[in-house]
Amino acid sequence: MHGADPRLVLGLHRSRHHRDVLTAALELGVTALDTAAPYLGFRSHTVLAATAAYLLPKFTLSTKVGFFPGTEGAEHSLDPGRLRVAIEKAARELGREPDTVLLHNPERSLAGLSPAEGHTLLGGACSALADAARDGLCRDWGVACWDPRLISAVGVEGLPSPDVLMVRSGFLVGVDLLDAMAVLRDVWKAGETWGMSPFGGGPGKMWEEFDPRPFLCAHQGDLSRIQAAFRTAFHLPSAAAVAVGTDDPGHLAQLVEALGAEVDTAAVSQYLRALHSHRQN
């Protein structure tokens, strides 16, 4: 049994939600779960409660709201009333209040709106989540966004500051997005930053062609390229935790091992300078 390490979050996107994976996670010290209302065909919350109800109290649990079942698949909404109902439904389905509720990809509903319209719509949605936290439906609230540029375009000045800002992380995130994330985090005065999708949805051939191990300090053992990519993702951008999805306990164990590695922050800074220089040229 490993000691708990909140830096690694087990993400349930594309997961089969099997109990053995959750049990293995706890044995490895992974005590944070991240899911969302639409995962597993809008059944994630109920399946978790049915298959692993006795395990859930052992995890800190985050979920996301903003997508709803529609006649042609999932539809997105920032309507405050619908969000409040979704948060209440999540707690009922899970059999417990989630620790953190995140506004799921708000940029989906902001596209095409004027800055003033978007600001008002986003503000109402954020207030709904902040009110839910105030009313005890969750401990913290936040925003999970794939592309922060649309959020920055409508402006966050005067809106409630999220406890958590969850964004893409790792080498597959372009410099424009990294810069936009940094600005949004500072302007919004967000609390913690969480990373997600450090492998872009899967290992892929990227790591056969690119070796991120030089971004780790010397004498880090025989870590793999995937392990090095995951560990460095905590600095692209700087994040308190990174969510990774897997149904393979062996893969999860490798990621836990990678947490012990030390990142060469000077190498990361040099990499970012090179990205900015290339963009300017």
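For clarity, every value in this text was computed on a predicted model and none was experimentally measured.

Enquirer: Sorry, what's going on with unusual backbone geometry here?
Expert: For the peptide bond that leads from Leu-236 to Pro-237, omega is 0 degrees, which places it in the cis range. Mapping Pro-237 onto the fold places it in the loop between helix H10 (225-232) and strand E10 (241-245). With a phi angle near 70 degrees, Arg-14 is a residue other than glycine that sits in the positive phi range. Turning to its location among the elements, Arg-14 is positioned in the loop between strand E1 (8-11) and helix H1 (19-27). You can call Arg-14 exposed: its relative accessible area is 64%.

Enquirer: Just checking my understanding: could you explain the pattern of salt bridges for this structure?
Expert: Pairs can form between side chains of opposite charge whenever their charged atoms are close. One pass over the full model with this rule turns up 15 salt bridges. Across the pair Lys-89 and Glu-93 runs a salt bridge, and its minimum N-O distance is 3.8 Å. In this pair, Lys-89 and Glu-93 are both assigned in helix H4 (residues 80-94), four residues apart and thus about one turn of the helix distant. Taking the relative accessible area as the measure of exposure, Lys-89 reaches 41% and is therefore partly exposed. With a closest N to O distance of 2.9 Å, Asp-211 and Arg-213 form a salt bridge. Of the residues examined, Asp-211 reaches a relative accessible area of 25% and is grouped as partly exposed. Arg-213 sits in the partly exposed class, given a relative accessible area of 36%. Each of the salt bridges in this network shares a partner with another, and the network as a whole consists of Arg-84, Glu-88, Asp-131, Arg-134 and Asp-135.

Enquirer: How do you make sense of the packing of aromatic side chains when you look at a structure like this?
Expert: Describing an aromatic ring pair means giving the distance of the ring centres and the angle of the ring planes. Counted according to the given criterion, the structure contains nine aromatic pairs. Ring geometry for Phe-230 and Phe-234: centres 5.3 Å apart, planes at 80 degrees, overall edge-to-face. Like Phe-234, Phe-230 is buried. Among the aromatic side chains, those forming a connected cluster through ring pairs are Phe-171, Phe-199, Trp-207, Phe-210, Phe-215 and Tyr-271. Geometry around Phe-68 places Arg-82 over its ring, the cationic atom sitting 4.2 Å from the centre. Sitting above the plane of the Phe-234 ring, Arg-231 keeps its charged end 5.2 Å from the centroid.

Enquirer: Honestly, the packing of helix H8 (residues 175-188) against helix H12 (residues 265-280) in this entry has me stumped. Any pointers?
Expert: For any two helices packed against each other, the geometry comes down to the angle between their axes and how far apart the axes lie. It is at 10 Å that the axes of H8 and H12 come closest, and there the two elements cross at 115 degrees. Between H8 and H12, the crossing angle belongs to the class labelled roughly perpendicular. Handedness of the crossing formed by H8 with H12: left-handed. Contacts from Val-175, Asp-176, Leu-178 and Asp-179 in H8 reach Leu-272, Leu-275, His-276 and Arg-279 in H12.

Enquirer: Whenever I open this one, the sheet that holds E10 confuses me. Can you help?
Expert: Through backbone hydrogen bonds, the strands of a sheet pair up, either in parallel or in antiparallel fashion. With parallel pairing, eight strands are arranged side by side around a closed barrel as E1-E2-E3-E6-E7-E8-E9-E10. Along the sheet, successive strands turn relative to each other by an average axial angle of 25 degrees, direction set aside. Across four bridges, the pairing between strand E3 (residues 60-65) and strand E6 (residues 100-104) is parallel. Bridge pairing in E6 places Lys-64 opposite Leu-102. Strands E3, E6 and strand E7 (140-144) of the sheet are contacted by helix H6 (residues 115-134), whose axis makes an angle of about 170 degrees with E6.

Enquirer: Help me out: how do you make sense of the side chain of Thr-193 in this one?
Expert: Positionally, Thr-193 belongs in strand E9 (residues 192-196). Here the side chain of Thr-193 touches Arg-185 through a polar contact of 3.1 Å, side chain to side chain. Discounting chain neighbours no more than four positions away, the residues touching Thr-193 are Leu-165, Val-167, Arg-185, Ser-238, Ala-239, Ala-240 and Ala-241.

Enquirer: Help me understand H8 in this model?
Expert: Residues spaced three or four apart along an α-helix point in a common direction, a consequence of the helix completing one turn every 3.6 residues. Taking 1.5 Å per residue as the helical rise, H8 with its 14 residues ought to reach 20 Å, and the 20 Å between its terminal C-alpha atoms agrees with that figure. Every buried residue of H8 is listed here: Val-175, Leu-177, Leu-178, Ala-180, Met-181, Leu-184 and Trp-188. Where H8 is buried, its residues contact H6, E7, helix H7 (149-154), strand E8 (164-168) and H12. A positive phi of about 55 degrees marks Lys-189, the residue just after H8.

Enquirer: Is there a simple way to explain the nonpolar core in this structure?
Expert: The tendency in soluble globular proteins is for nonpolar side chains to be buried as a group. Ranked by internal contacts, the top residues of the largest apolar core, which has 76 residues, are Leu-8, Leu-10, Leu-103, Leu-122, Ile-151, Trp-188 and Phe-230. Listed in part, the ten residues of the second largest apolar core include Val-9, Ala-144, Val-164 and Ala-243.

Scoring rules and cut-offs
- Residues numbered from 1 in each chain as written.
- Predicted model: local features only at pLDDT ≥ 70, side-chain atom pairs only at ≥ 80, totals over all residues.
- Heavy atoms only, no water.
- Helix = DSSP H or I, 4+ residues; strand = E, 2+ residues; numbered from the N terminus.
- Buried < 20%, exposed > 50% of the residue type's maximum accessible area, 1.4 Å probe, protein only.
- Salt bridge = Lys/Arg side-chain N within 4 Å of Asp/Glu carboxyl O.
- Phe/Tyr/Trp six-rings, centres within 6.5 Å; stacked < 30°, edge-to-face > 60°.
- Lys NZ or Arg CZ within 6 Å of the ring centre and 35° of its normal.
- Axes fitted to C-alpha atoms, helices over the stretch in contact; angles between N-to-C directions.
- Parallel < 35°, antiparallel > 145°, perpendicular 65-115°, else oblique.
- Left-handed = near helix turned anticlockwise from the far one by under 90°.
- Contact = heavy atoms within 4.5 Å.
- Pairing = 2+ DSSP bridges.
- Polar contact = N/O pair within 3.5 Å; in protein donor to acceptor, adjacent residues only side chain to side chain.
- Expected span 1.5 Å × (residues − 1).
- Core = buried A, V, L, I, M, F, W, Y, C linked by side-chain atoms within 4.5 Å.

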